[in-house]
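Geometric and topological summary
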Amino acid sequence: MDTVGWWSLVRFVHVAGAALWVGGQLALTLVVLPLARHLLAPEAKDPFTAAAGRRFGMLTAGVFLPAQLATGWAMAWHTGVTWASLAEPGYGRTLATKLALFVVVMAAAGGHGIAHAKGRAELARILAVVSLVGSLGVVLLATALPAT
C-alpha cells in the first residue's frame with residue numbers, strides 16, 4: 001500500500017467537503033425541515049427553518065465553497081488541466097460539465113437565500129430543489145472522472 005501523500009490529502013479535503021455539503025443539503029431537506037414542520041408550532045417553525053438555512057449558508061460560504069474551490073483548483077493544476085483541455089472529449093468535457101453545473105448550483109443556492117430573505121417561499125423552494133438536484137449531478141459527474 002502506498003503512503004498517503006500530499007495530493008491524497010488535497011483530494012480527501014475535496015471529497016469530504018463535497019460529502020458534507022451535499023449530505024448537509026440532503027439532511028436538511030429530508031430530515032430536519034420535515035421534522036420541524038411536523039413537530040414545531042407554526043410560530044416556532046419559520047424562525048427555526050430560517051436559522052437552520054442561514055447557518056448552513058454561512059458554513060457553505062465560509063467553509064465548503066472555499067475548500068472546494070481551493071482543492072479543485074489545486075488538483076486541476078496538479079493534473080495539468082488547461083482551459084483548452086476542458087474542450088477535449090472524455091476527462092476534459094466531463095470536468096467542464098461538472099464545473100458548469102457547479103456554477104449553476106451555486107447560483108441556485110445564492111438565489112434561494114435571496115428569495116427566502118425576500119419572502120418568496122415558492123421561488124426559494126424551487127431554487128433549493130434545483131441546488132440539491134444539481135449538487136447530486138455534480139457528485140455523479142465527479143464519480144465519472146478518473147482518479148489522478
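You'll find the structure just up there.
Structural notes, computed from the coordinates. (Residues numbered from 1 in each chain as written. Predicted model: local features only at pLDDT ≥ 70, side-chain atom pairs only at ≥ 80, totals over all residues. Heavy atoms only, no water.)

1. With respect to the overall build of the protein chain
Scanning the protein chain from N- to C-terminus turns up four helices and zero strands. Ordered by position from the N terminus, the helices and strands of the protein chain form the series α-α-α-α. Principal-axis analysis of the C-alpha atoms places the extent of the protein chain at approximately 55 × 35 × 20 Å. Here the protein chain holds 148 residues, and 28% of them are scored as buried. A fraction of 67% describes how many contacts in the protein chain between residues 6 or more apart in sequence connect residues 24 or more apart. A total of about 9600 Å² of accessible surface is found on the protein chain, and carbon and sulfur atoms cover 72% of it. Treating the 10 positive side-chain charges of the protein chain as one cloud and the 5 negative ones as another, the clouds have centres 5 Å apart. (Helix = DSSP H or I, 4+ residues; strand = E, 2+ residues; numbered from the N terminus. Buried < 20%, exposed > 50% of the residue type's maximum accessible area, 1.4 Å probe, protein only. Contact = heavy atoms within 4.5 Å. Areas by Shrake-Rupley, 256 points an atom, 1.4 Å probe, with all protein chains shown as cover. Lys, Arg positive; Asp, Glu negative; His and termini not counted. Charge placed at Lys NZ, Arg CZ, Asp CG, Glu CD.)

2. A look at the packing of helix H1 (residues 6-39) against helix H4 (residues 121-144)
Geometry of a packed helix pair, given as the angle between the helix axes and the separation of the axes. H4 packs onto H1 with a crossing angle of 145° between their chain directions and a minimal axis gap of 10 Å. For H1 against H4, the interelement crossing comes out left-handed. Residues Trp21, Val22, Gln25, Leu26 and Thr29 of H1 pack against Ser131, Leu132, Ser135, Leu136 and Val139 of H4. Of the residues that constitute the contact of H1 with H4, the class distribution is six nonpolar, four polar and no charged. (Axes fitted to C-alpha atoms, helices over the stretch in contact; angles between N-to-C directions. Left-handed = near helix turned anticlockwise from the far one by under 90°. Nonpolar A, V, L, I, M, F, W, Y, C, P; charged D, E, K, R; others polar.)

3. A few points about the pattern of salt bridges
Scanning the entire structure with this criterion turns up two salt bridges. As a salt-bridge pair, Asp46 and Lys45 come within 3.2 Å of each other at their nearest N and O atoms. Asp46 gets classed as partly exposed once you look at its relative accessible area, which sits at 46%. Two residues, Arg125 and Glu122, come together in a salt bridge whose shortest N-O distance is 3.0 Å. Taken together, the residues Arg125 and Glu122, both in helix H4 and three residues apart, mark about one turn of the helix. (Salt bridge = Lys/Arg side-chain N within 4 Å of Asp/Glu carboxyl O.)

4. So, helix H3 (residues 91-117)
Counted at 1.5 Å a residue, the expected span for H3 with its 27 residues is 39 Å, and the 39 Å between its end C-alpha atoms agrees. When we look at burial in H3, the residues that qualify are Gly92, Leu95, Lys98, Phe102, Val105, Met106, Ala108, Gly111 and Ala115. Buried residues in H3 make contact with H1, helix H2 (42-79) and H4. Once H3 finishes, Gly119 follows within two positions and takes phi at roughly 80°, a positive value. (Expected span 1.5 Å × (residues − 1).)

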